[in-house]
Structure formats: structure tokens, C-alpha cells
Amino acid sequence: MKKLLLLLVSTLLVSAAFAQRTVSGTITDESGDALIGASVLVKGTTIGTVSDIDGSFTLNVPDGSNVLEVSYTGFATQEVTIGNQSTISIILAESSQLLNEVVVTGYSTELRRDVTSSITSVKAEEIEGLPVQSFDRAIQGKVSGVQINSNSGAPGGAVTIRVRGTGSISAGSAPLIIIDGVQMGTTGQGTQGSSNPLNAINPNDIESIEILKDAASASLYGAQGANGIIVVTTKSGSRKGDARFNLSYQEGMVQPMNLYDMMNSQQYADIRRAAYLNAGLSEERAIELYGDPTDPNLPYYDWQEALWRDATLRTLDFSAAGGGEKADYYTAFSYNMQEGQIITNEWERLTGRFNLNADLSDKFSINLRTSIAYVENEGGPCDGGFFVNCPFAPSFWSQPISPAVDEDGNYNPYPLNGDGHNFSINELQNAENVTRLTKTLQNITSLAVNYEILPNLVGRVSAGVDYVNTQDLNSRPSSIPIFSSYGGQLSYTDRVAVNWNTFSTLSYNFTLGDANDFTILGGYEYKQEDWKTFGAVGRGIADPSFLNLGTAANPFSINGTSSTNRRQGVFGSVKYAFNDKYIINGTLRYDGSSRFGSDNRWGLFYSGSAAWRIGAEPFLANAGWLDELKLRVSYGTTGNSDIGDFAALAIFGPRGQYLGASGLAPSKLANNLLGWEEAEQLDLGLDFALAESRIYGSIDAWVKNNRDLLLATQIPADAGISNSTITENVGRVQNRGIDFELNTVLVNSGGFRWTIGGTFSLQDNEVKELNGGRDTIFSGGFPQLIVGEPISFYNLTEFAGVNPANGRIMAYDRNGVPTYSPTNADVKIFDGAFADYFGGFRSEFNFKGFTVFGFFQFQGGNNIYNNDLYALYSAGSGSDNQLVSQADYWKQPGDITNVPKPVQGGVIEGVEQQDFGLSPGSTRFLSDGTYLRLKELKVAYQFPRSLLQGVGLDGVTIYAQGLNLLTWTKFDGIDPEAVGNRVAFTGSSSFAFPVGRQYAVGLNVSF
């Protein structure tokens, strides 16, 4: 029996071998250059392969199959008949892929050539493999009209995104972000470090990102489109071929860059002695406290060395994609870990994803997208402020004469001289003993059901949810002296945010005659966001290793809050194309929001756009060099409701007592007429592609007016209301600009390919109207908003240098005359934090499997108020350590320097020397924020497929890459990009945590 079975199997194998034939060949472009990684598929089967580094392939073709499908990105797919050939030479022709590129516009998709609005796409290959935690960092500088800056360089830190400028003053200016149909929420984030709601999305799972920049592209989302829209589509599987697996791993490090150069012990002791002497105080006392500057053996402790480090980063990604005739799937898992540049800071994330597209019948299909992410952020630095209990700022200002530990490694009291500096917190002990932990669980899921009711009439119902649960834990042990008086403290906060939306659409496509194409879309949408928080604080912690509130001896406080908002709307669009050359599109949306007054909750938004495909005209039929030339124009309105949930409501709060009982009184007035802020935008654009798409790009000129601003305005102080503002629809802000994108294939010959490209944006911001017809709104006696000026500007005294005769700081008065004691009347206006221009440019070389890619990002025309210097640039007036530059202080008459003479306390003849006692500050701390940064540099090698066939692999790539490698700037701080208060228009650094220089090596394997 066994022999018979063996004979049968052998016969079947031999028959199978004779039932197929081997076909080999080469795949080249029209110039004869090999195409690496071209797909070769036996038509009607899942049997296929890809070409190797020489463009060669070998494939076993079953009997009965006679056609190969050959495809390659950027080239027209070709069907090749095999016949009796065993060796085939295949030449692929380049295609105008840009014209047939599918663009996701939110509720639908359309071909790039049919787009009548301003939409920029970013594909997966542009962001894959970058060691970043969120995709917004990966597209920085790569999209015209979209400015992206890090608020914090901490791992997983917050990012500011602005699409075509900042148009709102009191309302939000961030774009709406849609992940697979789910409109992302912004609530529920942790507070124990800078955080980003987009951390839940693994950038390597993204297929494409579309940025909808003008009103025509965004108005279908009417209510939330005023600040632009970012549509993210995650990956799907393939219904051709077997399952494909991909494994990638990279390891690297993050280095602090450009940290402040601080004084050593001798320099510090010298400036402190000078400060005492110039204040008429005892030199002996200064030496007693800070040491003798002439002593070469003066103890020195490097706080930066103790608190900063070269950190580790590590990523691991695995994905599987495949499918069959009726369905396809994509599943992925990832692990991402990055230590912070500050000791004890570590960020970790685990993600899982499953995507499914399935045809349940000829008319019925579903699309499922679900992901889950778990993030832990431990020891996140406090940034964006002068925090004494977080290690960032004190790593610079802590006294170099006071070591953190003694010879036995025990923590020293700080400072050793007992002068009470930094609230007597030993920052190393604080970093190592205080627990700052945030745990976040986030799920993003969407399910869409599609049904073809009639030919070309499709109904779609979609529902999605963004669920976030965040837990914050902060433990301050009693072993740290400042917390010892109450036995240490443990605080816990739990947040839950549920943001969900659903929409239903009907779309109908039809053609009249041979040249009239119509697309009609109508729909309804509902969105709701609910969130709640609960927090408790306990004191008297017996053992800080037990991070449980139950161990607290004294319940100290308890708090909680909750809120909700709702929005619903109906929308529709009609698109008409004549002869594939003239295209018009109109949209209409009607939305209502619970955030507005009961008398004004609904808003109508609309847009119209048109495109003329000039390149398709007969008079350009002989222009073989022209692939596409399209003129676009659009106009429309969009809305903004990004304010608090209770902005329109009257609010009551506790006020005093009556007969021993607590009383209530109005704390905020209602405004039943509060309604939508609108953005009105006009856009004129030109898309072009030349020389078989070897040169392509776009240019747009646009004007956007935000009107009926959601602006907090003052009410009379005698109104008896504790909140002295009420939100109204008043004022107008205008942004205008030019967006330019250009990409070229400079060389594509002999296996060598060189491409370059870039983006460049010019923007201008101006306040056009304010409430009540006023020209200026004041705050604290100084202009806050001025008609004719940008939203962002600085009120400052103008630094006039240091008087060589006596070492005193001077400022120019309103007449331009230097003075020691300027007044508020001498304060002037200086350019603010908004950049006039920004963008990026890239260059990529490919040769025989080698790739070298470089990307530069830049911005300019903005100022930064470097508030760090208020502590570090104070000429020894206090006991903070100082920048080394402060050692060049004024010492005697005739000295030429910008560093004044040190004076303990910083006051000379009643005038405060740092900022003259005026709250606006001085241009002494104002700096040019222009910079150019080598953002990415990558070198990779893809092994020839011929070397991998024996081990069953489709591809192996090794690479080394770096981020933020070099920066050219005049900024006098650490990092001109990470400016924590940028959102508040002030552009103040205030010890914002800087980005680091990253290096990584990696391996990518596909099979």
C-alpha cells in the first residue's frame, strides 16, 4: 500500500512538472534601463514574481496560460502574449500616472485629472520607515500651504499644524483630521508630558494622506472645514497573488543638540562675587556662598551631564496583506520605543490593526478598519514653562558648585550653600524619584456598508469611533525635602473620551451622450463627542513604591468633570464634466451644533469650483511634451465650531455664603445669538505635467477671510460677573498666500535615476476688523490686536545696549533716545511668531539597488521671544547659573559689551535691569526664528532578487538614516522649531523641549 501511494504521488509530481513551462526575460524602460521590482503575473492566476536588480525574472507558467501582466509604478501596465517563447524582452512605457492617481476626498474618491480643487497627496513611501511616533512629523515641509512645527521634542510630543495660516483668534485653528472615515477627537490626552492624539496611528500602516486646502475641497465637511482637512487612508490588501509579509526592524539613538553652554564653577563664582560687590554687599559673603573664583579646585558639577543623555530608539513592524477574488485584508502589529533625552523619560507604544474589504455579493460590500494602540509615557518632561520640579529648565540654571550626590552616591541637599535656590529641589533626585506616568489606550474603528441599488447608484452607510482612555499618575515622595512636610503626595486622574460619527450617502454616476459625465452625491452626518474625568489626590504616602491611592493616609482632594457636544448636517454635491476637458463642481452643506446659541445653531456652507484641462485641447494635440495642463478656480465657505462646549450658555458658580449656606451667582453670561465662524476662500490654481511626467507640480494663489470670528470680548467690570468676557461673532482676519510644488526626474538612464522636488509657501496674515469698529483691542494696557497688523506681534521695549560708561542697560524711548528707565509709552510693536515663508526640498539618487535620499526643511520671516534667557542671561543678578557669554560682563568704564554689570537683585536706582519692570519685556530676548534644517538623510541598499530566490524572500533592504542632523539658524536658543507657545501667537520658547538628532540603522524583509 505504501509503495502504491508513493508511486501515485511521484506520478502526480512528474505530471505537474510537465504541466508547466519556465519563462524568463528582462524588463526595461524605453531608454533600455532595467526596471527593478516590476511585477510579473500570470493572467487569471495568483502566480507571479518581481524583477531583480538587472530587470530579470524567471517564472513557472502553467499550461493553458499564455498571457503575462507586467506592471511597474509610473509605467503603463502591459499584457504580453507568451506564445512559443521561453525568453521575453519587455519594454514598458511611462504613463502619466498623476492623471490616473486616485485621490481620496473624504466621502468619495476621484481621479487626479478630474480634481477641481486644491488637494495635495502624500503617499506611503514618503513616510514609511521614519523613526517618528506620528505621521504629522513625517510630512513636515512636504506639503505646500501646510506648516507643521513641533511643540515639544519629547517622544510622542505635541505638534502644531496650520493649513493656509491661522484665521481664528479665540477659536481653534487646527485642521480636522479624518482616519478611515473617523473624525478624530482632541480630548482625553494625558498631562504628565507633552502628548499627541495622532500617536495611536502607526505611520507605517498609512497608504495615503490627502490635505484638502481650499473651500471647494473642504466645504463638503462645512462645519469643520475652515481650518483645512487631512484625510488619512490606511493600507488594504491585494486581490492578486498570494499573501505578502513584511518585517522591518530598526535601532538607533537620539542625541541632544545645541544645548546651552553654561558657566563652570569659577565663572559662576566670579559673576556672583561681582554682583555682590556692585550691590555694595560683602565680598566675603559671596565667596562663602559661591566659592573663590580664583580657586582652581573649586568643586564643579555638570547638571546637563547628569540629566541629559544619548537616548535609545527601537521599532519593530510586521504586516501581512493578501486576499482572493472576493476579499482582501491587511493586518499589522508594531512596537515603538524611544527614550527621552532627559533621563527617566521613556515612551513606548504597541499597535495592532486589521483592515478588511469584502464583496458579500455582486452588489453588497463592506469595509472594516480597526486599530488599537497602547501607549506609556514615563517621566515626560514639563516643557513650555519655568517649572522647578521638572529636570529640563533646572538642568541649565542649577548651580555648578553644588553636586547632586556625595562621594557615596547619596543625594546632597540642594544647594549645598543653603541659599534656597530652585526651591531647594535637588533636580537629579527629583528626576529619579518622582513618578510621572501616563497610560493611554486608544481604539479607532470604522465600518462602512456599500450597496449598489441600481447600476451606478450606490448607497453607503458608515460609522466610526475614536475611543481614548488615559490614566495619569504623579507620585512625589516624602524623601524629597519640599514634599516632606505633608508626607509625600500621590495623584491620579482617569479620562475617557468617546468621539463617534456616522454618515449615510447616495452617489449616482451617469453619462448623457458621449461627452457629458455627471456625479451626484447626497448625504447626512451625525457626530457626538463625550468626555469625562475623575481625579483624586492623597497625602501621607508610607511607601512610594506602592503607587496606589489606598496607601494614602490623608485624602486631600477629589475632582471630576464631564461634557458633551453634538453636530449634525446634510450635504450634497453635483459634478459635471464635458468632453473630459471642462469640469464644474458645486457643494452645499447645512450644519447645526450644540455649541452655539439656541437662536443661531445652524449654518449654510457652499462652494463652487471649475477646471479647464487646457492640455486636452486640439490646439495642443501636437505638444508631445505636454502631459497635463489644468487651470482651476474655486470659491466657497466653510465653518468653525472649535470652541468650548458651554461658550453660549450662562454659567453659575459658588459665590459667598448666606446664613451659613453656600451661594450661587452668575459667572458667565449667555449669548443665544452665538453662531458659526466662517472662512471664505478664493483659490486660483494651475496643475502641470511635462515630458512624460518627468516634470510636474502645481501653483496656487489664494485668499482666505475668517469672518464672524468666535472672539472673547470684554464686558464692563461692574456687570457683577466673575468672567469678564463673553464670546461673540465679531471681527475678520485675512490670510493670503502662494503655494508652489515642483517635482522633476532629472536623470533616468543607465540604471541611474535622480529626482528632486520641493515645496515653497508664502503667507501673510492680517486683522481686518474688530468688534465695535475699533482699531485696537488692549490687554494690560498694551495692544493685543490691531487692525492692519497680524494676529501675532510683540509689545517690547527696544534694547539700546549697555552704556560703556557705567555698565547699565538702556532702551530707546519713543523718540529713539536711549534711556535707563523706559515707560509703557516707550513700548513698540515688533514682528511676531508667524513665518512669512516655509517649505522643503528633497533629492534622491537610485543606482543598481542603492538609494541616497536627503530632505531639507525650512521656514523664515518670524521672530521668537527667547524667554529662556530671562533666567540664563541675567548677568548674575540672581543665583541661577548663566550662559558662558555672560562672563563678558561690563567690568570698568570703557568696556564695550552687551552684558551689563552684575548687580545682586538686578535693580539699579529703582529700575529692574532685565526688562525695566515692564511686563512686555525687551528686544534683548527677541531672536530671528529663520532656520534651514537637514531633516532627513537616508542611505539604503536593496539586495538583488537573484540572491534571494533560494531562501524564499522577495526583498531585503538595509539602511541607515538620520533626522535633524544639521541646522542653520541665527536663533539664540536651543531649537527654533520647538516653540511651545506658538499656538498662543506669542512664539515664546519658555524652555520648550527641543527636538533631538536621531540616528538609526534598519532592515526590511518582505516574503
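Quantities reported herein were computed from a predicted structural model and do not represent experimental measurements.

What follows is about the overall build of the chain. Along the backbone of the chain there are 11 helices and 53 strands. Relative to the compact-globule value of 30 Å for 1007 residues, the chain shows a C-alpha radius of gyration of 32 Å, a close match. The principal-axis extent of the C-alpha atoms belonging to the chain is close to 105 × 70 × 60 Å. Counting all 1007 residues of the chain, 54% fall into the buried class. The long-range fraction of contacts in the chain, counting pairs at least 24 apart against all pairs at least 6 apart in sequence, stands at 69%. Accessible surface, the chain: about 41800 Å² in total, of which carbon and sulfur atoms supply 56%. Separation of charge centres in the chain, based on 69 positive and 104 negative side chains, amounts to 5 Å.

Taken as a whole and assessed by the stated rule, the structure comprises 42 aromatic pairs. Here Phe245 and Phe318 contribute two aromatic rings whose centre-to-centre distance is 6.2 Å and whose plane-to-plane angle is 20 degrees, an arrangement assigned as stacked. Here Phe245, found in strand 17 (residues 244–255), pairs with Phe318, found in strand 18 (residues 311–323); they are 73 residues apart in sequence, far enough to count as distant. Ring centres 6.1 Å apart and planes at 15 degrees place the aromatic pair Phe578 and Tyr582 in the stacked group. Given a relative accessible area of 34%, Phe578 falls into the partly exposed group. Since its relative accessible area comes to 31%, Tyr582 is described here as partly exposed.

Our focus in this paragraph is the sheet that holds strand 43 (residues 818–819). Spatially, three strands are ordered 41-42-43 in an open sheet, and the strand pairing comes out antiparallel. Only two strands of the sheet have a single neighbouring strand rather than two, namely strand 41 (798–802) and strand 43. As paired strands, strand 41 and strand 42 (residues 809–812) are joined by four bridges and run antiparallel to one another. Pairing of Phe799 across the sheet is with Ala811, part of strand 42.

With that settled, the discussion passes to the pattern of salt bridges. Oppositely charged side chains can form a pair if their charged atoms are brought close together. Enumeration according to the criterion identifies 44 salt bridges in this entry. A salt bridge links Asp700 to Arg632; the shortest N-O distance between them is 3.0 Å. Of this pair, Asp700 sits in strand 33 (residues 695–707) while Arg632 is found in strand 29 (residues 626–640), placing the two residues 68 residues apart along the sequence. Under the relative-accessibility criterion, Asp700 is labelled buried at 3%. Through salt bridges that share partners, Arg164, Lys630, Arg632, Asp683, Asp687, Asp700 and Asp739 make up one connected network.

Our focus in this paragraph is unusual backbone geometry. With an omega of -15 degrees, the peptide bond running from Tyr414 to Pro415 counts as cis. Along the chain, Pro415 falls in the loop between helix 8 (394–397) and helix 9 (427–433). Positive phi is not limited to glycine here, since Lys848 has a value of about 50 degrees. Relative to the helices and strands, Lys848 resides in the loop between strand 45 (837–847) and strand 46 (850–860). For Lys848, a relative accessible area of 36% corresponds to the partly exposed category.

The next point concerns the confidence of the model for the chain. Per-residue confidence for the chain averages 89 on the pLDDT scale, and 94% of its residues sit at or above 70. Note that pLDDT drops below 50 for residues 1–18; the model gives that stretch one contact with residues more than four away or on any other chain.

Once that is clear, we can look at the sheet that holds strand 13 (residues 176–179). Strand pairing in a sheet relies on backbone hydrogen bonds, with the paired strands running either antiparallel or parallel. Read from one edge of the open sheet, five strands run 10-15-16-13-14, paired in mixed fashion. Two strands bound the open sheet, and with one partner strand each, they are strand 10 (119–123) and strand 14 (182–183). One ladder, built from four bridges, connects strand 13 with strand 16 (residues 229–234); its direction is parallel. Bridging across to strand 16, Ile178 finds its partner in Val231.

Our next topic: empty space enclosed by the protein. What the rule picks out here adds up to 10 cavities of 30 Å³ or more. Considering only enclosed or pocket space, the largest cavity measures out at about 210 Å³ in volume. Secondary-structure elements contributing two or more residues to the lining of the largest cavity are helix 3 (135–138), strand 51 (931–942) and strand 52 (955–969). Looking at the lining of the largest cavity, its residues break down into eight nonpolar, eight polar and four charged. Both domains that furnish three or more residues to the lining of the largest cavity are identified here as domain 2 (102–236) and domain 3 (247–259 + 305–792 + 832–874 + 918–1006). Reported here for the second largest cavity is a volume of approximately 160 Å³. Lining the second largest cavity are 18 residues, with Gln189, Ser195, Asn199, Val375 and Thr440 positioned closest to its centre. Where the lining of the second largest cavity is concerned, the elements lending two or more residues are strand 21 (364–378) and strand 22 (435–454). Top contributing element to the lining of the second largest cavity by residue count: strand 22, with four residues. The class makeup of the residues in the lining of the second largest cavity is five nonpolar, 13 polar and no charged.

As a further point, take the environment of Gly172. Looking at where Gly172 falls in the secondary structure, it is placed in the loop between strand 12 (159–163) and strand 13. Residue Gly172 is classed as buried on the basis of its relative accessible area, which comes to 17%. Sequence spacing of Gly172 and Pro920 is 748 residues, and the spatial spacing of their C-alpha atoms is 25 Å. Apart from the residues lying within four places of it in its own chain, the contact partners of Gly172 are Asn227, Asn640 and Asp642.

Among the secondary structure elements, Asn196 is positioned in the loop between strand 14 and strand 15 (206–212). Relative accessible area serves as the criterion here: at 6%, Asn196 is assigned to the buried category. Considered as a pair, Asn196 and Ser108 are 88 residues apart in the sequence and their alpha carbons are 28 Å apart. When residues no more than four places from it in sequence are discounted, the contact partners of Asn196 are Ser134, Asp136, Gly156, Gly157, Ala158, Val159 and Gln189. A distance of 3.3 Å separates a polar atom in the side chain of Asn196 from a polar atom in the side chain of Ser134.

Conventions adopted
- Residues numbered from 1 in each chain as written.
- Predicted model: local features only at pLDDT ≥ 70, side-chain atom pairs only at ≥ 80, totals over all residues.
- Heavy atoms only, no water.
- Helix = DSSP H or I, 4+ residues; strand = E, 2+ residues; numbered from the N terminus.
- Rg over C-alpha atoms; globule rule 2.2 N^0.38 Å.
- Buried < 20%, exposed > 50% of the residue type's maximum accessible area, 1.4 Å probe, protein only.
- Contact = heavy atoms within 4.5 Å.
- Areas by Shrake-Rupley, 256 points an atom, 1.4 Å probe, with all protein chains shown as cover.
- Lys, Arg positive; Asp, Glu negative; His and termini not counted.
- Charge placed at Lys NZ, Arg CZ, Asp CG, Glu CD.
- Phe/Tyr/Trp six-rings, centres within 6.5 Å; stacked < 30°, edge-to-face > 60°.
- Pairing = 2+ DSSP bridges.
- Salt bridge = Lys/Arg side-chain N within 4 Å of Asp/Glu carboxyl O.
- pLDDT = per-residue confidence, 0-100.
- 1 Å grid on protein atoms, 1.4 Å probe; cavity = no way out; pocket = protein on both sides within 12 Å on 5 of 7 lines; lining within 4 Å.
- Points joined across faces, edges and corners; volume = space filled by probe spheres on them.
- Nonpolar A, V, L, I, M, F, W, Y, C, P; charged D, E, K, R; others polar.
- Domains from an automatic or database assignment.
- Polar contact = N/O pair within 3.5 Å; in protein donor to acceptor, adjacent residues only side chain to side chain.

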